[in-house]
Amino acid sequence: DGGITQSPKYLFRKEGQNVTLSCEQNLNHDAMYWYRQDPGQGLRLIYYSQIVNDFQKGDIAEGYSVSREKKESFPLTVTSAQKNPTAFYLCATGQYYGYTFGSGTRLTVV
Amino acid sequence: SQQGEEDPQALSIQEGENATMNCSYKTSINNLQWYRQNSGRGLVHLILIRSNEREKHSGRLRVTLDTSKKSSSLLITASRAADTASYFCATDDNQGGKLIFGQGTELSVKP
């Protein structure tokens, strides 16, 4: 998907588990974003990072954590504190003039 | 915080017809963008219109922007079955690069 890769495509989580979603980009962009999408709904911002070693909470950060140790990578951890994690997760990179999105990770609680 | 709201939520048309989707937003913007999402995939950037522009074209896409009404429309002419997807508008938040997305319009083009 245009230089940004999300993995895995499907992920299953047991109750009480933490899981980590991967997002890697080779577009040399400073900014990266994580969104959550529920069925039939729009995108809600979880976390974003505009520079390495710095990140900010979005609208629905509770139950999630991120790190930004490298410019290319912005992994998202869904913790056990997130009570309703089943959703489609999208990573994006870019600036105000346009984002490039990954192909998404579908997370299901089993 | 949801900035944009699309209308209608769902639209079903026949191949060859035109499809029009509308987006309203609440605060001042630098630009407005439209994205497309095929089922189960990521979003793809379609077109950007700046706040000082009123209309923009790209292939079969025409976007208009009315900043006085805080609204935009996306017109897809001569639609094809392959245009079936969800379409989202997005606006910048005037705070350094974050985009805020609307709820989307689900377009179904029947052959």
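Relevant structure appears above.
In short, a report on the structure.

Definitions and cut-offs
- Along each chain, residues carry numbers from 1 onward, in the same order as the chain's sequence is written.
- The order in which chains are written sets their letters, starting at A; the order in which ligands are written sets their numbers, starting at 1.
- For this predicted model, a pLDDT threshold of at least 70 governs which residues receive local features, and a threshold of 80 or more governs which side-chain atom pairs are given and counted, while totals over whole chains, interfaces and linings are taken from all residues.
- The side-chain values count all of the structure's non-hydrogen atoms but skip hydrogen atoms and water molecules.
- A run of DSSP states H or I qualifies as a helix once it reaches four residues; a run of E qualifies as a strand once it reaches two. Both are numbered from the N-terminal end.
- Note that the radius of gyration is over C-alpha atoms, with the globule rule given as 2.2 Å times the number of residues to the power 0.38.
- Partly exposed residues are those whose accessible area sits between 20% and 50% of the maximum for their type, while under 20% is buried and over 50% is exposed, using a 1.4 Å probe and protein chains only.
- By definition, residues are in contact when any of their heavy atoms lie within 4.5 Å.
- Residue-level accessible areas treat just the shown protein chains as cover; the underlying method is Shrake-Rupley with a 1.4 Å probe.
- Only four residue types enter the charge count: Lys and Arg as positive, Asp and Glu as negative, with His and the chain ends excluded.
- The location of each charge is read from NZ of Lys, CZ of Arg, CG of Asp or CD of Glu.
- The term disulfide is used for any two cysteine sulfur atoms that are within 2.5 Å.
- Throughout this description, a polar contact denotes any pair of N or O atoms lying within 3.5 Å of each other; where both atoms belong to protein, one of them has to be capable of donating a hydrogen while the other can accept it, and for residues adjacent in sequence the pair is counted only when both atoms sit in side chains.
- By definition, the buried area sums, over both parts, the 1.4 Å-probe accessible area that each loses when the two are put together.
- For this document, the term salt bridge refers to a Lys or Arg side-chain nitrogen within 4 Å of an Asp or Glu carboxyl oxygen.
- Amino acids are sorted into nonpolar (Ala, Val, Leu, Ile, Met, Phe, Trp, Tyr, Cys and Pro), charged (Asp, Glu, Lys and Arg) and polar (every other residue, Gly among them).

1. Re the overall build of chain A
Okay, step 1: Counting its regular elements, chain A contains 0 helices and 11 strands.
Okay, step 2: A compact globule built from 110 residues would reach a C-alpha radius of gyration of about 13 Å, and chain A, at 13 Å, matches this within 12%.
Okay, step 3: Referenced to the eigenvectors of the C-alpha coordinate spread, the extents of chain A come out at roughly 35 × 25 × 20 Å.
Okay, step 4: Within chain A, the proportion of its 110 residues that are buried is 48%.
Okay, step 5: Of the contacts made within chain A by residues no fewer than 6 positions apart, 52% connect residues no fewer than 24 positions apart.
Okay, step 6: Surface accessibility of chain A: about 5200 Å² in total, with carbon and sulfur atoms responsible for 47%.
Okay, step 7: Looking at charge distribution, chain A has the averaged site of its 11 positive side-chain charges lying 6 Å from that of its 10 negative ones.

2. Structural notes on the state of the cysteines
Okay, step 1: Under the criterion given, the structure shown has 2 disulfides over all chains.
Okay, step 2: Between the sulfur of A:Cys23 and that of A:Cys91 lies a disulfide, 1.9 Å long from S to S. Judged by the sign of its S-S torsion, about -75 degrees, the cystine formed by A:Cys23 and A:Cys91 is left-handed. Here the residue A:Cys23 occupies a position in strand β3 (residues 19-25), and A:Cys91 occupies one in strand β9 (residues 87-95), the gap between them amounting to 68 residues.
Okay, step 3: Note that B:Cys23 is cross-linked by a disulfide to B:Cys89, the S-S spacing being 2.0 Å. Every disulfide takes its handedness from the sign of the S-S torsion; for B:Cys23 and B:Cys89 that torsion is 65 degrees, giving right-handed. On the criterion of sequence distance, the pair formed by B:Cys23 in strand β3 (residues 19-24) and B:Cys89 in strand β9 (residues 85-92) is long-range, its members being 66 residues apart.

3. Remarks on the environment of B:Tyr35
Okay, step 1: In this fold, B:Tyr35 is placed in strand β4 (residues 31-37).
Okay, step 2: Between the alpha carbons of B:Tyr35 and B:Ser73 there is a distance of 12 Å; along the sequence they are 38 residues apart.
Okay, step 3: Here the side chain of B:Tyr35 touches A:Tyr99 through a polar contact of 2.8 Å, landing on its backbone nitrogen.

4. Some remarks on the interface of chain A and chain B
Okay, step 1: Across the boundary between the two partners, chain A contributes 25 residues, which contact 21 residues of chain B.
Okay, step 2: Buried area between chain A and chain B, both sides added, is near 1700 Å², and the carbon and sulfur share of it is 49%.
Okay, step 3: Ranking the residues of chain A by area buried against chain B places A:Leu43, A:Tyr96 and A:Tyr99 at the top, with a combined share of 30%.
Okay, step 4: If you look at where chain A meets chain B, you find 0 salt bridges.
Okay, step 5: Among the elements of the structure, β4 (32-37), β5 (43-51), β9 and β10 (98-101) of chain A are those that each provide at least two residues to the side of chain A that touches chain B.
Okay, step 6: Examining the composition of the side of chain A that touches chain B, we find that 5 residues originate from one element, β5(A), more than from any other.
Okay, step 7: In terms of residue class, the side of chain A that touches chain B is built from 11 nonpolar, 9 polar and 5 charged.

5. Remarks on the side chain of A:Thr79
Residues and elements named next belong to chain A.
Okay, step 1: If you trace the backbone, Thr79 turns up in the loop between β8 (76-78) and β9.
Okay, step 2: For Thr79, a relative accessible area of 17% gives the class buried.
Okay, step 3: Within polar-contact distance, the side chain of Thr79 engages the backbone oxygen of Gly63 at 3.0 Å.
Okay, step 4: Among residues more than four places away in sequence, those in contact with Thr79 are Arg13, Gln17, Asn18, Gly63, Tyr64 and Ser65.

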